[in-house]
Amino acid sequence: MELSKLSEQGPISGDAPQKRFFSIAPPAALIFFFVLIFVAGAIVTLDRKENLPILQLHPREMVVAEEIRSPTTEEIMPPTTSELREEPTEEPNICQNQCRPSGSEALPRGIVQDKSNFELESLGGNPEREEASRPSKSLLAIPVGIKQKAVVDKLVSKFPAANFTVVLFHYDGVVDQWRDLRWSDRAIHVAVRDQTKWWFAKRFLHPDLVAEYDYIFLWDEDIEVDSFDPIKYLRIVRREGLEISQPALDHRSQIHHRLTARARKGDVHRRFYKTNGRGRCYGNSTGPPCTGWVEMMVPVFSRAAWRCAWHMIQNDLIYAWGLDFKLGYCAQGDRRRNVGVVDSQYVLHRGIATLGDGGKAPARSTPSSSPATDRYAVRQRSYDELQVFNRRWREAVAEDGCWTDPYPKPATNG
């Protein structure tokens with residue numbers, strides 16, 4: 001009985017530690033497991049924090065390390081043209097930096113016409129007729145007085161209507177007495193009393209108004225043209241590349257400078273030589289009046305040269321004295337080459353004094369003035385204007401720091 005009791009009690013007392021172990025193990029294991037996860041998470045967080053400053057503080061070093069690697073064959077080869085074309089590019093803004101005529105900014109570009117002409121339009125017919133067949137034309141502009149009507153008639157008749165548009169500046173105010181000439185109706189008549197050729201030119205021959213004409217003939221009225229053909233003249237001018245020119249003066253003319261006198265040989269000359277006396281000109285002379293120069297009685301300008309010369313004409317200097325010595329700056333290049341005198345087509349300058357008494361109609365004369373007095377006043381103002389123009393030129397050169405003189409030596413090389 002005791003044995004049986006011991007046998008019954010033994011197992012009970014021996015199982016007690018095992019039961020205690022299993023009752024304690026599950027909570028301890030869970031705690032250990034959570035501690036392990038916490039420690040592992042802390043290590044990972046610490047590692048990330050240690051590596052983050054490296055990424056933030058040394059990005060360039062990483063990029064450099066990336067670039068140090070050996071390039072592949074594809075990277076060495078330059079991109080093909082097709083690949084370059086396929087690269088996206090930023091489209092330019094076509095509305096930026098458009099050069100529009102001043103004052104037209106409020107208008108659509110296609111409706112703007114910033115140039116005009118002297119061509120007459122019919123009152124009927126198609127306004128949009130095809131003009132491609134119309135030949136290119138040049139312009140003949142002359143200041144005229146009724147006393148020189150016969151000479152002017154002969155002069156204008158030399159210029160074919162198909163090739164030339166004619167503008168007459170009536171400085172005596174007389175217009176109706178020209179109506180009987182056969183070419184009068186196709187000419188443009190501008191009448192203002194007692195004004196000069198250069199006054200008219202500055203106000204009525206703006207470059208945008210004459211932009212359609214190849215050449216501008218700005219001539220005096222007292223010119224005889226028996227030995228002159230304008231078509232042949234322009235053929236020579238184009239061939240020789242003359243931007244500013246004049247027909248040579250017949251030796252019977254009133255000649256002020258020997259450069260403009262007709263040479264006996266050749267079609268064109270661009271300089272003359274004078275080895276004694278005042279105003280000497282040699283082969284190495286580079287400026288007016290030895291070379292690169294024309295007089296103001298019968299100048300002929302290309303379209304580009306006239307655009308330049310018009311800007312140089314002063315509004316208030318109506319005789320334009322001094323302008324001739326500066327015209328070479330408008331020669332679109334070397335004045336020694338692009339300015340010349342055409343000898344094979346020459347004219348006779350009669351040298352009639354039309355200013356002062358001016359060829360005025362008799363009704364304009366007054367008892368308080370005489371032609372001699374008026375002529376003296378004209379001459380005096382001409383000399384004064386020369387001084388003013390030269391002073392303005394010097395001041396303009398001194399003030400314009402962006403302009404470089406292509407002819408730094410004095411224009412007169414004599």
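Residues numbered from 1 in each chain as written. Predicted model: local features only at pLDDT ≥ 70, side-chain atom pairs only at ≥ 80, totals over all residues. Heavy atoms only, no water.

Chemist: Any details on the state of the cysteines? Residues and values, ideally.
Modeler: Inspection of every chain in the model, using the stated rule, returns two disulfides. Here C281 connects covalently by a disulfide to C290, the sulfurs 1.9 Å from one another. Taking the sign of the S-S torsion, -75° for the link of C281 and C290, the bridge is left-handed. Each member of the pair, C281 as well as C290, carries the same accessibility label: buried. There is a disulfide in this structure between C308 and C330, and the S-S distance comes to 2.0 Å. Torsion about the S-S bond of the C308 and C330 cystine: about -65°, corresponding to left-handed handedness. Of this pair, C308 sits in helix α8 (residues 303-312) while C330 is found in the loop between α8 and α9 (335-338), placing the two residues 22 residues apart along the sequence. Judged by its relative accessible area of 1%, C330 is buried. Ordinal numbering of bonded cysteines along the chain defines a disulfide pattern of 1-2, 3-4. (Disulfide = S-S within 2.5 Å. Buried < 20%, exposed > 50% of the residue type's maximum accessible area, 1.4 Å probe, protein only. Helix = DSSP H or I, 4+ residues; strand = E, 2+ residues; numbered from the N terminus.)

Chemist: Any chance you could break down the packing of helix α6 (residues 197-204) against α8 for me, citing the residues and the numbers?
Modeler: The interhelical angle for the contact between α6 and α8, taken along N-to-C directions, is 110°, at an axis separation of 10 Å. One element, α6, and the other, α8, form an angle in the roughly perpendicular class. In the crossing of α6 with α8, the sense of the turn from one axis to the other is left-handed. Every residue of α8 that contacts α6 at W198, A201 and K202 is listed here: W306, W310 and H311. Of the residues that constitute the contact of α6 with α8, the class distribution is four nonpolar, one polar and one charged. (Axes fitted to C-alpha atoms, helices over the stretch in contact; angles between N-to-C directions. Parallel < 35°, antiparallel > 145°, perpendicular 65-115°, else oblique. Left-handed = near helix turned anticlockwise from the far one by under 90°. Contact = heavy atoms within 4.5 Å. Nonpolar A, V, L, I, M, F, W, Y, C, P; charged D, E, K, R; others polar.)

Chemist: If you had to explain the pattern of salt bridges to someone new, which residues and values would you point to?
Modeler: Two side chains carrying opposite charge are able to pair once their charged atoms lie near each other. Taken as a whole and assessed by the stated rule, the structure comprises 18 salt bridges. Close ionic contact of D114 with K115 constitutes a salt bridge, the shortest N to O distance being 3.4 Å. Taking relative accessible area as the criterion, D114 reaches 39% and is therefore assigned partly exposed. A relative accessible area of 43% places K115 in the partly exposed class. The shortest N-O distance in the salt bridge between D334 and R336 comes to 3.1 Å. Here the salt bridges do not stand alone but share partners, grouping R239, E240, D267 and R270 into one network. (Salt bridge = Lys/Arg side-chain N within 4 Å of Asp/Glu carboxyl O.)

Chemist: Break down helix α5 (residues 149-157) for me, with residues and values.
Modeler: Those residues of α5 lying buried are K149, V151, V152, L155 and V156. An end-on view of α5 places all buried positions within 160° of arc, on one side of the element. Packing partners of the buried residues in α5 comprise β1 (137-144), β2 (164-170) and β5 (223-224). (Arc of directions from axis to C-beta.)

Such coordinate-based values are descriptive only and should not be taken to indicate function.
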